[in-house]
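So you can see what is in the structure, the chains are spelled out below.
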Amino acid sequence: MGWGKCNAGPRAVPGAAAAPAAEGRAGTWAAHKGTAKREDRAGGGGSMSAADPNPAAGAVPDSDPHPGRAAVASAYQRFEPRAYLRNNYAPPRGDLSSPDGVGPWKLSCLAQTFATGEVSGHTLIDIGSGPTIYQLLSACTHFEDITMTDFLEVNRRELGLWLREEPGAFDWSMYSQHVCLIEGKGEPWQERERQLRARVKRVLHIDVHQPQPLGAGSLAPLPADALVSAFCLEAVSPDLASFQRALDHITTLLRPGGHLLLIGALEESWYLAGEARLVVVPMCKEKVVEALVRSGYEVRDLRTYVMPACLQTGVDDVKGIFFAWAQKKVGV
């Protein structure tokens, strides 16, 4: 998923038509009974199915044995994807002109890691994509089959607008241009976007709190060669134990020796997304490393970013961001 924790004021989302407030959550959440196998498919060239017809998508589960998860799920019914995008991917946090900005830092971490050539293969799964695609702009040159995932129908619908190049889709061109610039290959940004659309083969329902996050019989090729997950696990887990279990669950989707690129918030306990105020489990870099090791990873790289005062806009209490590159140990 993306990162919806900043208020950019009343400015419009670049390239996006006005949209009514949508209920939901920019991440994965506890599955409503009967929805685990549902999916929206994206074939070659980004062609996708119509919006998910099931009105229960994103609904709070009837019975969740973990009351904390149920409470968080309920709060997320007020989440607004367009507010999420406006707050984080339009200025000030979406300003890519400053090399010290949060956007360039995230894109550089991803680009530099993929440039090593070690994180490559055939299949990649993006865990909790939310309504964002920036996290895959460098990845798509290294993987031919990409699966995007989210629990909420509203986020899968938002992804579909961009994948199908429909009117009103969020404009990610500045991110695409920046990635092509820092990678230094001279590739037109339009070609990068075309390649990403072509390589996203499917957009699936996911629930990271279930032992089988993609459900039984998923069409995603498993196990995957790599996983990417941005601002998801800590934002859908009411406590550290839930975060650890969710990490364990998604690790089952990854082959031994495969790679996980994990991005998340540091020392954050809440954030706003439209009218919703959401609770986050506070993480520090030591907790991130400990959780990865417990889930059977070798931590290859860990970087942190301190949120500057100019980007602390009063819609969250985030102190920074972490980027982790971890490799699943053989035998795990």
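Residues numbered from 1 in each chain as written. Predicted model: local features only at pLDDT ≥ 70, side-chain atom pairs only at ≥ 80, totals over all residues. Heavy atoms only, no water.

**A look at the nonpolar core**
Then, number 1: Core analysis: the biggest nonpolar cluster contains 56 residues, and Tyr-134, Ile-146, Trp-172 and Leu-196 have the highest contact counts within it.
Then, number 2: Ranked by residues supplied to this core, first place goes to helix H3 (residues 102-115) with 6 residues.
Then, number 3: Setting aside anything within four residues of it in sequence, one finds Ile-146 in contact with Leu-124, Leu-136, Cys-140, Leu-196, Arg-199, Val-200, Lys-201 and Arg-202.
Then, number 4: Among the nonpolar cores identified, the runner-up in size contains 30 residues, and Ala-220, Leu-227, Cys-232 and Leu-262 belong to it. (Core = buried A, V, L, I, M, F, W, Y, C linked by side-chain atoms within 4.5 Å. Buried < 20%, exposed > 50% of the residue type's maximum accessible area, 1.4 Å probe, protein only. Helix = DSSP H or I, 4+ residues; strand = E, 2+ residues; numbered from the N terminus. Contact = heavy atoms within 4.5 Å.)

**Some words on the environment of Asp-207**
Then, number 1: If you trace the backbone, Asp-207 turns up in the loop between strand E4 (200-204) and strand E5 (224-230).
Then, number 2: The class for Asp-207 is buried, based on a relative accessible area of 1%.
Then, number 3: Put simply, Asp-207 and His-249 are 42 residues apart on the chain and 9.3 Å apart in space, counted from C-alpha to C-alpha.

**Comments concerning the pattern of salt bridges**
Then, number 1: By the definition in use, this model includes 14 salt bridges.
Then, number 2: A salt bridge links Glu-118 to Arg-300; the shortest N-O distance between them is 2.8 Å. Of the two residues, Glu-118 sits in the loop between H3 and strand E2 (123-127) while Arg-300 sits in strand E9 (residues 297-306), which places them 182 residues apart along the sequence.
Then, number 3: By relative accessible area, which is 40% here, Glu-118 ends up partly exposed.
Then, number 4: A relative accessible area of 29% places Arg-300 in the partly exposed class.
Then, number 5: Arg-164 is paired through a salt bridge with Glu-166; the nearest N and O atoms lie 2.5 Å apart. (Salt bridge = Lys/Arg side-chain N within 4 Å of Asp/Glu carboxyl O.)

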